[in-house]
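# Tertiary structure, described
One letter stands for each residue in the lines below.
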Amino acid sequence: MRTLERAARLIPAERLVTVLTRGQTVSYSTAPGELSEINRVVQPAWRGTAAEAYLPVLKIAATDPEAVVALFPGSYTTDGEGRLMSHVSKAVAAVAIRPDLPIVLGASPPGPDPASAWIEPGPPIDDLERYAVRAVRRFLPRPSAAELVALWEGDGLVNTRVVIAKARTLIRLGHRYLPDVLETFEPLETTFSTPEEGLLCEAVYEQMPYASITHALFARTDDVAVLPATQVRMWLDQPAAVPALAS
């Protein structure tokens, strides 16, 4: 998976977690063994991007409650790999200052693309001016023709769905906006890395509601900030936000 290979340039392989659904396989273009230390979490079934994202986040938080994680789309194309990961590193530093605030990367738009989800940035965030982190004025998953023109001619950004945040902050947002998902996971949280985890995970996913991580991260502007990833363009090949990367 190209996403993991890219992330491994910034984050040691043993600190990477990829989420698979049973029956799904992953292959790498790198030499065998280079990414063998990546942690794999297997879901019994597909229940949407909320469960897919929160399963590894909860596992990471169970080991390190103060961990910073980055959520990456499952598959994407970019024309600025090094610059993208440099912005991820900058966002990690910003989260250390404002641990209450998840940061999403906003890429330079390749054009007034109606198929992209857009972000209209607001003013700079207090204490994070040196990192160029800004408030979010609006998330626009399906902008109108007039809105597209205004975004393109202004400072609109494409939502990369790359999110950097404290694990505990993401969990807090999950409890607030995706309570059914987080409550369904609760019985599993005390069994991570135990022999009971696998069987209980099966039972948990039988009850897991379908939900999108969008409802926690890309619906309300007060809970998330945006870091403009200047000179980076990015296209999502699929919408899932799967690998959770512990920094």
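This structure is a prediction, so every number in the text was calculated from the model and none was measured.

### Overview of the packing of helix H2 (residues 49-63) against helix H5 (residues 167-177)
The geometry of H2 relative to H5 is characterised by a closest axis approach of 9 Å and an angle of 130 degrees between their N-to-C directions. Between H2 and H5, the interaxial angle falls into the category oblique. Along this stretch, H2 crosses H5, giving a crossing that reads as left-handed. Each of Tyr54, Val57, Leu58 and Ala61 in H2 lies in contact with H5, whose residues at this interface are Ala167, Leu170, Ile171, Leu173 and Gly174.

### Comments concerning a negative patch on the surface
Among the surface-exposed residues, Asp180, Glu183, Glu186 and Glu189 lie close enough to one another that they form a single negatively charged patch. With respect to the helices and strands, Asp180 occurs in helix H6 (residues 179-185).

### Observations regarding the pairing of strand S9 (residues 225-229)
With 5 of 5 residues buried, S9 lies mostly within the body of the structure. Neither face of S9 is open: one carries Ala225, Leu227 and Ala229, the other Val226 and Pro228, and all of them are buried. Relative to S9, strand S5 (residues 103-107) runs parallel, the two being bridged by 5 bridges. Bridge pairing in S9 links Gly106 to Pro228. As defined by bridge partners, strand S7 (residues 134-140) adjoins S9 across 2 bridges and the pair is classed as antiparallel. In the sheet register, Ala135 faces S9, and the bridge partner there is Ala225.

### Quick look at unusual backbone geometry
With the exception of glycine, most residues fall at negative phi, and the peptide bonds are largely trans. Notably, Arg161 is not glycine yet its phi reads approximately 65 degrees, a positive angle. On the secondary structure map, Arg161 appears in strand S8 (residues 157-166). Phi is positive for Ser193, close to 65 degrees, though the residue is something other than glycine. Within the secondary structure layout, Ser193 lies in the loop between H6 and helix H7 (197-207).

### Brief notes about the pattern of salt bridges
Once the charged atoms of two side chains with opposite charge are near each other, the side chains can pair. Under the defined criterion, the tally for this structure stands at 9 salt bridges. Across the salt bridge formed by Lys59 and Glu197, the nearest N and O atoms sit 2.8 Å from each other. In this pair, Lys59 is assigned in helix H2 and Glu197 in helix H7, connecting sequence segments 138 residues apart. What you see here is one network of salt bridges that share partners, running through Glu120, Arg137, Arg138 and Glu147.

### Focus on H5
Because each turn of an α-helix spans 3.6 residues, side chains separated by three or four positions in sequence point in the same direction. All of the buried residues along H5 are Ala167, Thr169, Leu170, Ile171, Leu173 and Gly174. Packing partners of the buried residues in H5 comprise H2, strand S3 (68-71), S8, H6 and helix H8 (214-217).

### Here we look at the confidence of the model for the protein
Averaged over every residue, the pLDDT of the protein is 84; the share at 70 or more is 78%. The low-confidence segment residues 28-32 (pLDDT under 50) makes 9 contacts with residues lying over four places distant or belonging to another chain. Taken together, the stretch residues 239-247 has pLDDT below 50 and engages in 51 contacts with residues farther than four places along the chain or on a different chain.

### Considerations on H7
Among all positions of H7, only Glu197, Cys201, Val204 and Tyr205 are buried. Buried residues along H7 cover an arc of 95 degrees about the axis, so they all sit on one side. Every exposed residue of H7 that faces more than 90 degrees away from the buried side is listed here: Leu199, Glu206 and Gln207. Buried residues along H7 sit in contact with strand S2 (39-43), H2 and H6.

Criteria and thresholds
Residues numbered from 1 in each chain as written. Predicted model: local features only at pLDDT ≥ 70, side-chain atom pairs only at ≥ 80, totals over all residues. Heavy atoms only, no water. Axes fitted to C-alpha atoms, helices over the stretch in contact; angles between N-to-C directions. Helix = DSSP H or I, 4+ residues; strand = E, 2+ residues; numbered from the N terminus. Parallel < 35°, antiparallel > 145°, perpendicular 65-115°, else oblique. Left-handed = near helix turned anticlockwise from the far one by under 90°. Contact = heavy atoms within 4.5 Å. Patch = residues over 30% accessible without salt bridge, like charges linked within 9 Å, V, L, I, M, F, W, Y side chains within 5 Å. Areas by Shrake-Rupley, 256 points an atom, 1.4 Å probe, with all protein chains shown as cover. Salt bridge = Lys/Arg side-chain N within 4 Å of Asp/Glu carboxyl O. Lys, Arg positive; Asp, Glu negative; His and termini not counted. Charge placed at Lys NZ, Arg CZ, Asp CG, Glu CD. Buried < 20%, exposed > 50% of the residue type's maximum accessible area, 1.4 Å probe, protein only. Pairing = 2+ DSSP bridges. pLDDT = per-residue confidence, 0-100. Arc of directions from axis to C-beta.

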